[in-house]
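# A closer look at the structure
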Amino acid sequence: MSVLIRELENQLGFRLFDRTTRRVVLAPHGNRLLGLTRRNLRELDAAMSHIERDAKGMGQSLSVGTTPLVAANILPQAIREFRCRQPDLRIRLFDANLNTILKRVEAGKLDIGLDIFKSVPGILRTSFFWLTLAVIRPDEGAAPRPASTAWSALNGQKLISLSSSYPRQQLIDEHLARNGVRWQRGTVATYLDTQIALVEAHEGVAIIPSFGLPVCGDGKVVISQLI
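The structure reproduced in this document is the subject of the present report.

The rules behind the values
- Per-chain numbering applies: the sequence of each chain, read as written, is numbered from 1 onward.
- This being a predicted model, a pLDDT of at least 70 is required before a residue's local features are given, and a value of 80 or more before pairs of side-chain atoms are given or counted; all residues contribute to the totals for chains, interfaces and linings.
- By convention in this description, side-chain values take in all heavy atoms of the structure and omit both hydrogens and water.
- Buriedness of a pocket was judged along seven lines, with at least five required to meet protein on both sides within 12 Å; pockets are open sets of points on a 1 Å grid over the protein atoms alone, cavities are sets where a 1.4 Å probe fits but cannot get out, and lining residues have an atom within 4 Å of a point.
- Grid points are joined across faces, edges and corners, and a volume is the space filled by probe spheres set on the points.
- The helix count covers DSSP runs of H or I at least four residues long, the strand count covers runs of E at least two residues long, and both are numbered beginning at the N terminus.
- Just so you know the grouping, Ala, Val, Leu, Ile, Met, Phe, Trp, Tyr, Cys and Pro go in nonpolar, Asp, Glu, Lys and Arg go in charged, and all remaining residues, Gly too, go in polar.
- Strands qualify as paired when DSSP identifies two bridges or more between them.
- Angles shown run from 0 to 180 degrees and are taken between the N-to-C directions of axes, each axis being a line fitted to C-alpha atoms and, for helices, limited to the stretch in contact.
- Two residues form a contact once any of their heavy atoms are found within 4.5 Å.
- Only residues whose relative accessible area exceeds 30% and that form no salt bridge enter a patch; like-charged residues are grouped when within 9 Å of one another, and nonpolar side chains (Val, Leu, Ile, Met, Phe, Trp, Tyr) when within 5 Å.
- Residue-level accessible areas treat just the shown protein chains as cover; the underlying method is Shrake-Rupley with a 1.4 Å probe.
- Think of a salt bridge as a Lys or Arg side-chain nitrogen and an Asp or Glu carboxyl oxygen that are within 4 Å of each other.
- Think of it in three bands: residues with accessible area under 20% of the maximum for their type are buried, residues over 50% are exposed, and the middle band is partly exposed, with areas taken using a 1.4 Å probe on protein chains only.

### Describing the layout of surface pockets
Of the voids in this model, the largest pocket is the one considered here, and its volume is about 830 Å³. In this structure, the largest pocket is lined by 25 residues; those nearest its centre are Asp115, Phe117, Thr126, Ser127 and Phe128. Along the walls of the second largest pocket sit 25 residues, with Thr67, Asn97, Leu98, Tyr166 and Arg168 positioned nearest its centre. For the lining of the second largest pocket, the element with the highest residue contribution is helix H3 (residues 68-73), accounting for 4 residues. For the lining of the second largest pocket, the per-class residue count stands at 15 nonpolar, 6 polar and 4 charged.

And the structure:
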């Protein structure tokens, strides 16, 4: 690595790094070159992805990125129905977290990403499907099971939420604030499965999107659509 860096510095005619016996840091010229190189590599990566798709006839292919929750509960049936109309179209599914999906869309490695995304410069957001929000409570057996619940009924409840950095949680927080709901913060989870397990353990209630309801099918929680 040291030999390669020296050869590059000789070709360029200026130092990339300032070296001492204790440390090696980027020189000012090296820092400028790093920024230019990163930008050029991103552009090259995106161009190569587009060329690769054209070379392989990817006009008959669609790459879709989404979170595991949507990938497991919505897309399989949607893909099956879509194949009936477009049998020659190849669909490539990529499941990952939101940040990874967004980066791959920006780099041209995915055609579309499906989930709740924040506004990002250079990325087009389009409403694709509607969802509802539901509250899940622990199953109390003889307790009533209303099909719907008003947001105001959550006043004073202990909510098991996601991190406030999640767009889905930001959407829920907006609804809670709009309805004047004062709630207690319970455990902050990362995954829907964790939220459901904590509700089953009577640690509080949770608000989840409708596409997560199939995960609640074991009967240990009571589901009510929020209105």
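### Focus: the sheet that holds strand E4 (residues 90-95)
Judged by pairing direction, the sheet is parallel, and its 3 strands sit side by side in the order E4-E3-E5 without closing on themselves. Of all strands in the sheet, those bounded by a partner on one side alone are E4 and strand E5 (112-114). Ignoring strand direction, the axes of neighbouring strands in this sheet form an average angle of 30 degrees. Examined bridge by bridge, strand E3 (residues 61-66) and E4 share 6 bridges and lie parallel to one another. Residue serine 61 lies in a different strand from E4, and its bridge partner there is arginine 90. Across the sheet, helix H4 (residues 75-85) is in contact with E3, E4 and E5; its angle to E4 comes to roughly 170 degrees. Against the sheet, helix H5 (residues 98-106) makes contact with E3, E4 and E5, and its axis sits at roughly 160 degrees relative to E5, the strand it touches most.

### Let's talk about a nonpolar patch on the surface
A contiguous nonpolar surface patch, about 410 Å² in accessible area, is contributed by Leu41, Leu44, Met48 and Ile51. Given the relative accessible area of 53%, leucine 41 is considered exposed.

### A few points about the sheet that holds strand E11 (residues 221-226)
Read from one edge of the open sheet, 4 strands run E7-E11-E6-E10, paired in mixed fashion. The open sheet is flanked by strand E7 (148-149) and strand E10 (206-209), the only strands paired with a single partner. In terms of strand pairing, E7 meets E11 through 2 bridges, oriented parallel. If you follow threonine 149 over to E11, its bridge partner there is leucine 226. Packed on one face of the sheet, helix H7 (residues 192-200) meets strand E6 (133-138), E10 and E11 and runs near 145 degrees to E10.

### Topic: empty space enclosed by the protein
In the structure shown here, the tally under the stated rule is 1 cavity of 30 Å³ or more. One number sums up the size of the largest cavity: a volume of about 50 Å³. Around the largest cavity, the lining residues are Leu159, Ile160, Ser161, Gln169, Ile172, Asp173, Leu176, Trp183, Ala206 and Ile207. Contributions of two or more residues to the lining of the largest cavity are made by strand E8 (158-162), helix H6 (167-178) and E10. Examining the composition of the lining of the largest cavity, we find that 4 residues originate from one element, H6, more than from any other. Of the residues belonging to the lining of the largest cavity, the class tally is 7 nonpolar, 2 polar and 1 charged.

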